[in-house]
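# Descriptive structure summary
Residue-level listing of the chains:
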4 protein chains.
Amino acid sequence: MWFMKKMKSKYEQFREKIKIVLYGTNTILGRMFDLVLLGLILLSVLLIMMETVQGINQKYHTQLIICEWIITVFFTIEYILRIISIQKPVKYIFSFYGIIDLLAVLPMYLSIFFPGASILSIVRALRFFRLFKILHIPQISHQSIQLREAIDASKEKILVFIYFVLISTIIIGSIMYLVEGKESGFTSIPMSIYWTIVTLTTVGYGDISPQTPLGQFIAALVMILGYGIIAVPTGIVTAEFAKSSLKNSNSVSGKKTCRKCNSQIHFDNAKYCYECGTELPNN
Amino acid sequence: MWFMKKMKSKYEQFREKIKIVLYGTNTILGRMFDLVLLGLILLSVLLIMMETVQGINQKYHTQLIICEWIITVFFTIEYILRIISIQKPVKYIFSFYGIIDLLAVLPMYLSIFFPGASILSIVRALRFFRLFKILHIPQISHQSIQLREAIDASKEKILVFIYFVLISTIIIGSIMYLVEGKESGFTSIPMSIYWTIVTLTTVGYGDISPQTPLGQFIAALVMILGYGIIAVPTGIVTAEFAKSSLKNSNSVSGKKTCRKCNSQIHFDNAKYCYECGTELPNN
Amino acid sequence: MWFMKKMKSKYEQFREKIKIVLYGTNTILGRMFDLVLLGLILLSVLLIMMETVQGINQKYHTQLIICEWIITVFFTIEYILRIISIQKPVKYIFSFYGIIDLLAVLPMYLSIFFPGASILSIVRALRFFRLFKILHIPQISHQSIQLREAIDASKEKILVFIYFVLISTIIIGSIMYLVEGKESGFTSIPMSIYWTIVTLTTVGYGDISPQTPLGQFIAALVMILGYGIIAVPTGIVTAEFAKSSLKNSNSVSGKKTCRKCNSQIHFDNAKYCYECGTELPNN
Amino acid sequence: MWFMKKMKSKYEQFREKIKIVLYGTNTILGRMFDLVLLGLILLSVLLIMMETVQGINQKYHTQLIICEWIITVFFTIEYILRIISIQKPVKYIFSFYGIIDLLAVLPMYLSIFFPGASILSIVRALRFFRLFKILHIPQISHQSIQLREAIDASKEKILVFIYFVLISTIIIGSIMYLVEGKESGFTSIPMSIYWTIVTLTTVGYGDISPQTPLGQFIAALVMILGYGIIAVPTGIVTAEFAKSSLKNSNSVSGKKTCRKCNSQIHFDNAKYCYECGTELPNN
C-alpha cells in the first residue's frame with residue numbers, strides 16, 4: 001500500500017544520505033565524517049599499542065578495553081552501513097578496502113572466545129591508506145602515483161638483483177660457518193646467512209660478529225662488497241625516477257624546425273616558432 | 001631647543017653607525033663584527049658543552065659560568081642594539097633570526113631562578129645559520145639555494161613515502177611482537193616499531209635483536225625490504241638534483257605568459273608564444 | 001652386422017631424446033625436467049642447511065643423509081647423461097655450469113672418506129643460476145643483461161674508488177690504533193682497519209667502538225667522511241643506469257665504421273658517414 | 001785535468017741512468033723497478049701491521065725489525081738517489097710525493113731514540129698512490145680523473161650540507177642529553193652529539209642507545225630524518241656523475257638539420273646527413 005511505498009522511499013532517501021556521508025568526499029558532511037574516521041583509526045591503533053605496554057595496561061586495562069569496544073562497535077556499524085548503502089555490496093566486500101574494514105573489526109569479537117586476539121586489531125593501521133581517498137589533493141595523489149610508477153618500473157630489475165644477492169648470501173654464509181664455527185655465534189648455516197644479510201644490508205646488529213682474524217678478513221670483504229652492492233638498487237630506482245621526471249617535464253626532442261630562422265629547439269607540441277613567430281611544420 | 005635637536009641628531013648618527021656594524025656585511029667594520037660574533041657563538045657553544053662534561057665541569061665550573069655570563073651579556077647588548085638600530089624593530093623581533101637571538105640569551109637569565117636552564121643556551125648553535133648572511137660568497141649561497149630547491153621539490157614525494165613506511169613499520173612491528181615475545185626485548189608493540197625503524201633505516205643498534213629462528217627470518221626479510229626501500233628517497237632527491245642541473249641548459253621557469261592564450265610554459269628566452277604565435281612580454 | 005647397427009641407431013635415438021630433456025627448454029618435457037631439477041636443488045640446499053642446525057640434525061640425522069644421498073645420486077646420473085648426450089662433452093665439462101655440476105656431487109662422495117665434507121655440497125646453490133637458462137622470459141634475461149652492463153661499466157671506477165678507500169682505511173686504522181690503544185678493543189692495526197671498514201661501510205657492529213673522547217671525535221669524522229663516501233659508488237652505478245636507460249632513445253653502439261675515414265661513432269640506424277658522407281655497411 | 005772531466009762525465013752518465021730507472025715509467029728497467037718498489041711498500045706495510053699483532057710480534061720480533069730496517073735503508077737510498085738524479089731537487093723534496101718519501105723513512109730512524117715510533121712508518125701506505133704514476137693505463141687514470149672531477153664538483157654542495165647536518169647534530173644531541181640523562185650513556189652533550197652522528201650516518205654501534213620511551217621516540221624520528229638525509233650527498237654526487245658522463249658522450253643537441261630529408265638528430269660535429277648523405281649546414 002501507500003504506507004509501504006512511503007517507507008520504501010524513506011529508506012531509499014536514508015540510504016542515499018548515508019552513501020553520501022560514507023563515500024562522498026567532496027561534500028562537507030562526507031569530508032567531516034572521513035576526518036572523524038581517520039581520527040578514530042589513529043586513536044584505536046594507539047589504544048592497541050598502549051595495551052601491549054605493561055605499565056599502562058596494568059593501570060588502565062578496563063578503560064582501554066572499553067574504548068576499543070566502543071570504536072569496534074562504531075566500525076562495525078560503519079561496515080554494515082557501507083554494505084547497505086552501496087549499489088554493489090559484493091564488489092565492496094571483496095575489494096581491498098572491504099576486506100580490511102572487515103579485518104579491522106573481527107579480532108575484537110574473536111577476543112571474546114580467544115583472549116589476546118584483540119592485538120590483531122592492529123591491522124586497522126591498514127585503514128590509514130584511506131587517507132589518500134580522503135584528502136583528494138591531486139598534488140599528493142599525483143606524487144604517490146609517480147612513486148608507484150617508478151617502483152613498479154624498477155621492481156623486476158630489483159628482483160633479479162635480490163635473487164643474485166640471496167644466492168651469494170648462501171655461499172658467503174656457508175663460508176663464514178666453516179671459518180668461524182659455533183663458539184662465535186655462527187651456530188648453523190641459516191644463522192650465518194642471517195649474519196650475512198645483516199652485514200650486507202649494513203644493518204650490523206653486532207649480536208653475531210666474527211672473532212677469528214680470517215673471519216674478520218672475510219667479513220671486511222663482504223662489507224666492501226655490500227658497499228658496492230647497496231649502490232645497485234639505488235641506481236635502478238634513481239634511473240627510473242630521473243626518467244619519469246624527465247617524461248613529465250615538457251619534452252624537447254628537437255624534431256621541429258622553423259623554416260624561417262632554422263631554430264630547432266621547440267617543444268614537441270609547439271605550433272609556432274618562439275624565435276620569429278612563424279608557423280611550425282606538423283610532423 | 002637646539003640642544004635637544006643636537007642630541008637627537010647625534011643619536012641618529014650613532015644609530016646609523018651601529019646599524020652598519022650590525023647589519024652591514026660589505027663594510028670592513030660590519031664584516032669584522034660578524035666574524036667576531038661567529039667566533040663568540042662557537043666559543044659559547046663549546047663552553048656549554050664543556051659544562052656538561054663531568055671532569056671539566058668540576059674543575060673549571062666557575063670559570064665556565066663567568067665566560068658564559070660575559071658572552072650572554074654581550075649577546076644581550078647586541079640584541080638590544082639590533083632592535084634600536086633597525087627601522088622595523090617589531091618585524092625583526094618576530095623574524096626567524098630575531099627569535100633565535102632572543103632564545104640565545106634567555107636561558108642564562110632563567111638559570112638564575114632555575115639552575116640547569118643554562119644548558120638550553122645550546123640553541124645558540126642555531127645562530128650559526130647567520131654564517132650564510134655573513135660570508136656573502138655567491139658561490140656558496142647559490143649552492144645552498146640549489147640544495148634547498150632540490151630538497152623542497154622532493155619533500156612531498158618523500159613525505160608520501162615516509163607515510164607508507166610508517167604504516168608498514170606498525171604492521172611489521174606488531175608481527176615481530178607476536179613472533180618474538182617479551183623475553184628477547186620486544187616488550188611491546190611501540191618497542192617493536194622502534195626496532196623496525198632501527199632495522200629498516202639500517203642503523204641496527206643491536207640493543208634489541210630477534211632471537212627465535214622465525215623472528216630472524218622475518219628480520220632478514222625486513223632488511224632486504226629496507227635494502228630496496230632505502231633506494232627510494234635517494235632516487236627521489238637525485239632525480240631532482242639531476243633535473244636542476246639539466247635546467248641550466250635551456251631553462252623554463254614559467255615567468256612568461258601569453259596575453260592571448262594564457263599558456264605559461266615558455267623558454268625564458270622565448271619571443272613568441274609557441275601556442276598562438278603572438279609576441280610575448282619582455283620582462 | 002645389422003644388429004649392431006640397430007643398437008647404434010637405438011642408442012642414437014636415446015641420446016637425442018635425453019639431450020632434448022636435459023638441454024631443451026622450449027619442449028614441454030625439457031621444461032618440466034628443468035623445474036623438477038630446480039626443485040631438487042632447492043630441496044638439497046635446504047637439507048644441507050638443516051644438517052647444520054643442532055636440534056634438527058640430532059633428531060633426523062639419518063633421514064637427512066638418506067635424502068641427500070638420493071639427490072646426489074640423481075645429480076650424478078644427470079651429470080653423466082649430460083656428458084654422454086652432448087656433442088662436445090669436454091667443452092661442457094670445463095664450462096662454468098659443467099664445473100658447478102661436478103662440484104655439486106663431489107663433496108657427498110668425499111664425505112665417505114672425510115665425514116663433514118658433505119657440508120661443501122652447499123655449492124649446489126650456484127646451480128640456481130640455471131634458473132635464467134630455464135625460464136626463458138626475455139623480459140627477465142633482458143633485465144639481468146642491463147644490470148650486468150651497468151655494473152660492468154661502473155666496475156673500473158668502483159675499483160679505483162675502493163683502492164683509495166683501502167689506503168685511507170690503513171691510515172685511519174693506524175691513527176685509531178695509536179689513539180685508542182689496546183684496552184678498548186683496538187688490539188692491533190689490522191683490527192683497527194677492520195673497525196674502520198665496519199664504520200666506513202656504516203655496518204657498525206659495535207663489537208669494537210672508541211672509548212676515549214679523542215677516539216670518538218675521530219670516529220665521528222670518519223663517519224661523516226663515510227657519509228660522503230657511500231655516495232660515490234651509488235653515484236657511479238646510477239649514472240651508468242641512467243645512461244643505459246637513455247641509450248634506448250637513439251643508440252650508438254659503435255658497431256658501424258666508415259670504410260673511408262674510419263670514424264666509428266655512428267647511430268645504429270645511420271646509412272651514411274656523418275664525417276665524409278660515404279655509405280656505411282649494413283650489418 | 002782530463003781525469004776529473006772523465007769522472008764528471010761518468011757521474012753524469014750514472015745520474016742519467018738512475019733517473020731513467022727511478023722516474024722513467026715507459027722503459028722496461030723503470031717499470032720493473034717501480035713494480036719492485038710497489039712490492040716492497042706492500043711488504044713493509046704488512047710488516048708494520050704484523051708488528052702490532054701481539055702473538056706474531058712476540059714470536060718474530062727480531063725478524064720483523066730486521067726486515068723493516070732493510071726496507072728502510074733501501075727506501076733511504078732510493079730517496080737520496082731521487083734527490084741526486086733529478087734536476088730540481090728542492091722542488092721534488094717539497095712536492096707531495098717528496099714529503100711522503102721522507103716521512104716513509106724518518107720514523108724508523110726516530111725509533112732508535114723513541115722506541116715505538118716505528119709504527120708511524122705506516123704512512124708508507126701513502127706511497128701506494130704512486131701506483132697510478134706507475135701503471136700508465138690511460139683507462140684507469142681517466143677513470144680516476146672522472147672520479148675526482150665529479151667529487152670536486154659536488155664538494156661545495158656537500159660541505160654546505162654537512163655544515164647544516166653538524167648544526168642539527170648539536171641541537172639533536174642536546175635534546176637527547178636532556179631527555180635521556182646520564183644513566184643510559186648520554187653522559188654529556190659531546191657524547192650525545194657522538195651518538196647523533198653514529199645514528200644519522202646509520203652506523204649504529206649500539207654502545208649508547210636510548211632507554212626511555214621518549215628518547216627512543218626521538219631516536220626513531222632522527223633515524224627517519226637520517227633516512228631522508230643520507231639521500232642528499234648521494235643525490236649531489238650522482239647528479240655530477242650523470243652530468244660528466246653525459247658530457248663525455250657524443251652530444252646531440254639537434255642544432256643541425258638536413259636540407260633534403262629534414263632529419264634533425266645529428267651529432268653536433270656531423271658534416272653529412274646520416275640519412276641521405278647530403279652535406280649539412282655549418283652553423
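Residues numbered from 1 in each chain as written. Chains lettered and ligands numbered in written order. Predicted model: local features only at pLDDT ≥ 70, side-chain atom pairs only at ≥ 80, totals over all residues. Heavy atoms only, no water.

Once that is clear, we can look at the overall build of chain A. Looking only at helices and strands, chain A has 10 helices and zero strands in total. Its helices and strands in sequence order give chain A the pattern α-α-α-α-α-α-α-α-α-α, from N to C terminus. Out of the 283 residues in chain A, the part that is buried amounts to 50%. Sequence separation of at least 24 residues holds for 53% of the intrachain contacts in chain A that already meet a minimum separation of 6. Element-wise, carbon and sulfur atoms account for 72% of the exposed surface of chain A, whose accessible area totals about 14000 Å². (Helix = DSSP H or I, 4+ residues; strand = E, 2+ residues; numbered from the N terminus. Buried < 20%, exposed > 50% of the residue type's maximum accessible area, 1.4 Å probe, protein only. Contact = heavy atoms within 4.5 Å. Areas by Shrake-Rupley, 256 points an atom, 1.4 Å probe, with all protein chains shown as cover.)

Turning our attention to helix 9 (residues 213-229) of chain B. For helix 9 of chain B, which comprises 17 residues, the first-to-last C-alpha distance of 24 Å matches the rise-based estimate of 24 Å (1.5 Å per residue) to within 8%. Here helix 9 of chain B has its buried residues at G215, Q216, I218, A219, A220, V222, M223, I224, G226, Y227, G228 and I229 of chain B. (Expected span 1.5 Å × (residues − 1).)

Let us now look at the environment of V53 of chain D. Relative to the assigned elements, V53 of chain D resides in the loop between helix 2 (28-52) and helix 3 (54-85). Expressed as a C-alpha distance, the spacing of V53 of chain D and G185 of chain D, which sit 132 residues apart in the sequence, is 31 Å. When residues no more than four places from it in sequence are discounted, the contact partners of V53 of chain D are S188 and P190 of chain C.

With that settled, consider the packing of helix 9 (residues 189-200) of chain C against helix 10 (residues 213-229) of chain C. All names here are of chain C. For the pair helix 9 and helix 10, interaxial distance at closest approach is 9 Å and the crossing angle is 50 degrees. By the angle between their directions, the pair helix 9 and helix 10 is classed as oblique. Contact with helix 9, carried on its side by W195, T199 and L200, involves A219, V222, M223, G226 and I229 of helix 10 and no other residues of that element. Class assignment of the residues belonging to the contact of helix 9 with helix 10 gives a composition of six nonpolar, two polar and no charged. (Axes fitted to C-alpha atoms, helices over the stretch in contact; angles between N-to-C directions. Parallel < 35°, antiparallel > 145°, perpendicular 65-115°, else oblique. Nonpolar A, V, L, I, M, F, W, Y, C, P; charged D, E, K, R; others polar.)

Here the focus is the UniProt feature "transmembrane region" (unreviewed entry) in chain A. Taken from the UniProt record, the annotation "transmembrane region" (unreviewed entry) applies to residues 20-48, 60-81, 93-112, 158-179, 185-205 and 217-239 of chain A. Segment residues 185-205 of chain A splits into 57% helix and 0% strand. End C-alpha atoms: 13 Å apart. (UniProt positions renumbered as here; feature names shortened; annotations may be inferred.)

We now examine helix 5 (residues 96-103) of chain C. Side chains three or four residues apart in an α-helix point the same way, a direct result of the helix having 3.6 residues per turn. Among all positions of helix 5 of chain C, only Y97, G98, I100 and D101 of chain C are buried. Seen along its axis, helix 5 of chain C keeps its buried residues to an arc of 165 degrees; they face one direction. (Arc of directions from axis to C-beta.)

Looking now at the confidence of the model for chain A. Residue and element names in this part refer to chain A. On average, residues of chain A carry a pLDDT of 81, and 81% of them reach 70 or more. Least confident of the elements in chain A is helix 6 (residues 130-134), whose mean pLDDT is 67; most confident is helix 8 (residues 189-200), at 93. Within the model, the stretch residues 249-254 combines pLDDT values under 50 with 16 contacts to residues more than four positions away or in other chains. With pTM at 0.82, the complex prediction returns an ipTM value of 0.80. (pLDDT = per-residue confidence, 0-100.)

Let's shift gears to the packing of aromatic side chains. Taken as a whole and judged by the stated rule, the model has 35 aromatic pairs over all chains. Here Y79 of chain B and Y92 of chain B contribute two aromatic rings whose centre-to-centre distance is 6.1 Å and whose plane-to-plane angle is 45 degrees, an arrangement assigned as tilted. Remark: Y92 of chain B occurs in helix 4 (residues 89-93) and Y79 of chain B occurs in helix 3 (residues 54-85); sequence separation between them is 13 residues. When sorted by exposure, Y79 of chain B lands in the same class as Y92 of chain B, which is buried. When the ring centre of F75 of chain A is taken as origin, the NZ or CZ atom of R127 of chain A, which lies over that ring, is 4.7 Å away. (Phe/Tyr/Trp six-rings, centres within 6.5 Å; stacked < 30°, edge-to-face > 60°. Lys NZ or Arg CZ within 6 Å of the ring centre and 35° of its normal.)

A few words on the environment of M7 of chain C. Residue and element names in this part refer to chain C. Within the fold, M7 resides in helix 1 (residues 2-23). Take M7: its relative accessible area is 47%, and that puts it in the partly exposed class. Separated by 37 residues in sequence, M7 and S44 have C-alpha atoms that sit 37 Å apart.

Time to look at the side chain of T72 of chain A. Residue and element names in this part refer to chain A. Structurally, T72 is set in helix 3 (residues 54-85). The exposure class assigned to T72 is buried, which follows from its relative accessible area of 0%. In contact with T72, not counting residues within four places along its chain, are V105, M108, Y109 and R124.

For the coordinates displayed, the defined rule picks out 16 salt bridges over all chains. Between R82 of chain A and E78 of chain A there is a salt bridge, with the nearest N and O atoms lying 2.6 Å from each other. On the criterion of helical spacing, the pair formed by R82 of chain A and E78 of chain A is a turn pair, its members being four residues apart in helix 3. Summarising the burial analysis for this pair, R82 of chain A and E78 of chain A share the class buried. Among the salt bridges present, the one from E78 of chain C reaches R127 of chain C, with a minimum N-O distance of 2.9 Å. Linking E78 of chain C in helix 3 (residues 54-85) with R127 of chain C in the loop between helix 6 (106-113) and helix 7 (130-134), this pair joins segments that are 49 residues apart in sequence. (Salt bridge = Lys/Arg side-chain N within 4 Å of Asp/Glu carboxyl O.)

Residue and element names in this part refer to chain A. A cluster of nonpolar residues, I99, L102, L103, L106, L110, I112, F113 and F114, forms a patch on the protein surface that exposes about 750 Å² of accessible area. By the element assignment, L103 lies in helix 5 (residues 96-113). Classification of L103 by relative accessible area gives partly exposed; the value is 40%. (Patch = residues over 30% accessible without salt bridge, like charges linked within 9 Å, V, L, I, M, F, W, Y side chains within 5 Å.)

On to unusual backbone geometry. A negative phi holds for most residues other than glycine; trans holds for most peptide bonds. Residues and elements named next belong to chain B. Despite not being glycine, T202 has its phi angle at roughly 60 degrees, a positive value. Following the sequence through the fold, T202 ends up in the loop between helix 8 (189-200) and helix 9. By relative accessible area, which is 5% here, T202 ends up buried.

Residue and element names in this part refer to chain B. Its location among the elements puts G215 in helix 9. Spatially, the C-alpha atoms of G215 and L178 are 9.5 Å apart, while their sequence positions differ by 37 residues. Dropping the residues within four chain positions of it, G215 is found in contact with M176, V179, E180 and P210.

Here we take up the packing of helix 3 of chain C against helix 6 of chain C. Residue and element names in this part refer to chain C. Here helix 3 crosses helix 6 at 130 degrees, and the two axes come no closer than 9 Å. In terms of their interaxial angle, helix 3 and helix 6 are classed as oblique. Contacts from I65, E68, W69, T72, V73 and T76 in helix 3 reach M108, Y109, S111 and I112 in helix 6. Grouping the amino acids of the contact of helix 3 with helix 6 by side-chain chemistry returns six nonpolar, three polar and one charged.

In this structure, T199 of chain C sits in helix 9. A residue is classified by how much of its surface remains accessible, and T199 of chain C, at 1% relative accessible area, is buried. Reaching out from T199 of chain C, the side chain makes a polar contact with the side chain of Y205 of chain D at a distance of 2.5 Å. (Polar contact = N/O pair within 3.5 Å; in protein donor to acceptor, adjacent residues only side chain to side chain.)

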